[in-house]
Amino acid sequence: MCNEYMVLWNKLGLDLEAHDCLLNHVTESYRETFLSQKNRPQSMDYLDFVISEVHGLRIKELMDKKAAGQKVIGAFCVFVPEEIVQAVDASLVGLCTGADFSMEEVERFLPRNTCPLIKSAFGFKLGNVCPYIETADMIVGENTCDGKKKSYEVLKELIPNLYVMDIPQTKGQVARRLFSAEYLRFKDAVEELSGLSVNAERLKQGIEIVNKKRQAIHRLSRLRSADPAPISGLDALLVNQVYFYENPLRFADSVNRICDELEERISHSKGAFPKGAPRIIISGCPMALPNWKAPRLIESAGAVIVGEESCVGERGTRNLTESSGETLVELIEAIVDRYFKIDCAIFTPNPERLNHITEMVKEYKADGVILYNLQFCQPYLIESMHLQNILGEKGIPTLRIETDYSAEDIGQLKTRIEAFIELIK
Ligand code: BJ8
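Every value quoted in this text rests on a predicted model; they were computed, and no experiment measured them.

Looking at the overall build of the protein chain
Phase 1: Tallying secondary structure elements over the protein chain gives 19 helices and 8 strands in all.
Phase 2: Scaling as 2.2 N^0.38, a compact globule of 425 residues should have a C-alpha radius of gyration of about 22 Å, and the protein chain matches this with 21 Å.
Phase 3: Summarising its shape, the C-alpha atoms of the protein chain cover approximately 55 × 50 × 45 Å along the three principal directions.
Phase 4: Counting every position in the protein chain, which comprises 425 residues, the buried fraction comes to 60%.
Phase 5: Summarising the internal contacts of the protein chain: among those between residues at least 6 apart in sequence, 77% fall at separations of at least 24.
Phase 6: When the accessible area of the protein chain is evaluated, it comes to approximately 17500 Å², of which 52% is carbon and sulfur surface.
Phase 7: Taken together, the 50 basic and 61 acidic charged side chains of the protein chain have centroids lying 2 Å from each other.

Set out below in structure tokens:
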């Protein structure tokens, strides 16, 4: 690894040996999962490069920005409004929560039966292996599920610059007022952090930047409705994962370039999978980098994932923020409107999610749905049983899986996924 990065990681206080182990693991897993795919679009080179530099060049870029006075904000959830972060020229980065690390240490702070995503956040901090956590000037936690909200009380002891945002759990008028007040409180906090004040012009610009990357993702999603699917679900998931790390405008340009190539492929009926391959919507808990286990099993079994109903996917990106308002209040309200539509399972009731899944099945011509749940995630696990029943009544074949970040259940998952794909063929 280049010396310059070693100096950088050292300066950030990373445990260089443990960090090396993590990078080797991710590089190996990336090679096996992504580089071994057949019929990959050429323009995926961009993502190969981004991943190879995710702890290198991107961190250096963020550190250079910090040296120039700009701020970096880390987040664990899609409820953190990036538009407001952009309005003070700061960068928002999603924090790694997709792999087990330092589990023994983690279980000194959290019960064993805690969702892997939460444990992962602790593991990356306790193991001193995440340069994003160490680069961030502020880390935003959000009171969403019980696991997250209670764990932030503990995480605060490890991360003094943790800022916790309250998120309502219902969608009535009172809840919306709370949501709006919390976004205003967040605006005040980022203004204080950056020393810049958010005005209508800055916020409009922030909205337009974030919308551009969402629009690029929307274009990609539409192209995935073609048969043969022009891109694998794994590569599309990777695009959705990189969404949380990359510079937004560079990301939008690069995804648009991928889309240009996919349009070309579609015009020649060229696909990542053969025409008629079983088509799957995967729905449920977020798949944070570097969690690729379930999609890899699904696509190795010959099916292609054509959409993700997930926060690392359409739940997180599907709506744009209206940018036509002229005043700060109008623009903040537009942001609140946009984020209040997110149909996370922490809301009760949450009928929009079922509607979204059924729309996606139709839009992407899916043959079945795989409900993906992380172990001990009560909101998604409970919702998934109900969803499976209703989707079954609608004649949509559905498989419900529950997993974690270990390799222990790969054999059992593989058998169940292969049987499901056989069924829907
Ligand atoms: S908006 S899905 S990113 S909260 S998997 S930690 S729910 S126990 S991640 Fe999420 Fe925001 Fe909702 Fe999306 Fe809890 Fe479940 Fe773990 Fe989860």
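Next comes the rest of the account.
Side note on the pairing of strand S3 (residues 138–143)
Phase 1: Among the 6 residues in S3, 6 count as buried, and that is most of the element.
Phase 2: Side chains of S3 alternate between two faces, with Met 138, Val 140 and Glu 142 and Ile 139, Gly 141 and Asn 143 buried alike.
Phase 3: Of the strand pairs in this sheet, S3 and strand S4 (residues 162–166) are connected by 5 bridges, and their pairing is parallel. The residue of S4 that forms the bridge with Ile 139 is Leu 162.
Phase 4: The β-α-β motif built from S3, the intervening helix H9 (residues 146–158) and the parallel element S4 has right-handed crossover chirality.

Some points on the site of the ligand
Phase 1: Neighbouring the ligand are 17 residues, the closest being Cys 115, Cys 145, Cys 311, Cys 344 and Cys 377.
Phase 2: When grouped by side-chain class, the residues that make up the shell around the ligand number 14 nonpolar, 1 polar and 2 charged.

Notes on the packing of aromatic side chains
Phase 1: Counted according to the given criterion, the structure contains 16 aromatic pairs.
Phase 2: Summarising the aromatic geometry, the rings of Phe 179 and Phe 340 are spaced 5.2 Å apart at their centres and angled 35° between planes, so their arrangement reads as tilted. Of this pair, Phe 179 sits in helix H10 (residues 173–194) while Phe 340 sits in helix H16 (residues 328–340), and the two are 161 residues apart along the sequence. Accessibility assignment for this pair places Phe 179 and Phe 340 in one class, buried.
Phase 3: Ring centres 5.4 Å apart and planes at 70° place the aromatic pair Tyr 243 and Phe 244 in the edge-to-face group.
Phase 4: A relative accessible area of 7% means that Tyr 243 is categorised as buried.
Phase 5: A residue is classified by how much of its surface remains accessible, and Phe 244, at 23% relative accessible area, is partly exposed.
Phase 6: Taken together through their ring pairs, the aromatic side chains of Phe 79, Phe 179, Tyr 183, Tyr 339, Phe 340 and Phe 347 make up a single cluster.
Phase 7: The cationic tip of Arg 338 hangs over the ring face of Tyr 339; the distance from NZ or CZ to the ring centre is 4.6 Å.

Rules used in this analysis
Residues numbered from 1 in each chain as written. Predicted model: local features only at pLDDT ≥ 70, side-chain atom pairs only at ≥ 80, totals over all residues. Heavy atoms only, no water. Helix = DSSP H or I, 4+ residues; strand = E, 2+ residues; numbered from the N terminus. Rg over C-alpha atoms; globule rule 2.2 N^0.38 Å. Buried < 20%, exposed > 50% of the residue type's maximum accessible area, 1.4 Å probe, protein only. Contact = heavy atoms within 4.5 Å. Areas by Shrake-Rupley, 256 points an atom, 1.4 Å probe, with all protein chains shown as cover. Lys, Arg positive; Asp, Glu negative; His and termini not counted. Charge placed at Lys NZ, Arg CZ, Asp CG, Glu CD. Pairing = 2+ DSSP bridges. Right-handed = clockwise from strand over helix to strand, strands pointing away. Near = heavy atom within 4 Å. Nonpolar A, V, L, I, M, F, W, Y, C, P; charged D, E, K, R; others polar. Phe/Tyr/Trp six-rings, centres within 6.5 Å; stacked < 30°, edge-to-face > 60°. Lys NZ or Arg CZ within 6 Å of the ring centre and 35° of its normal.

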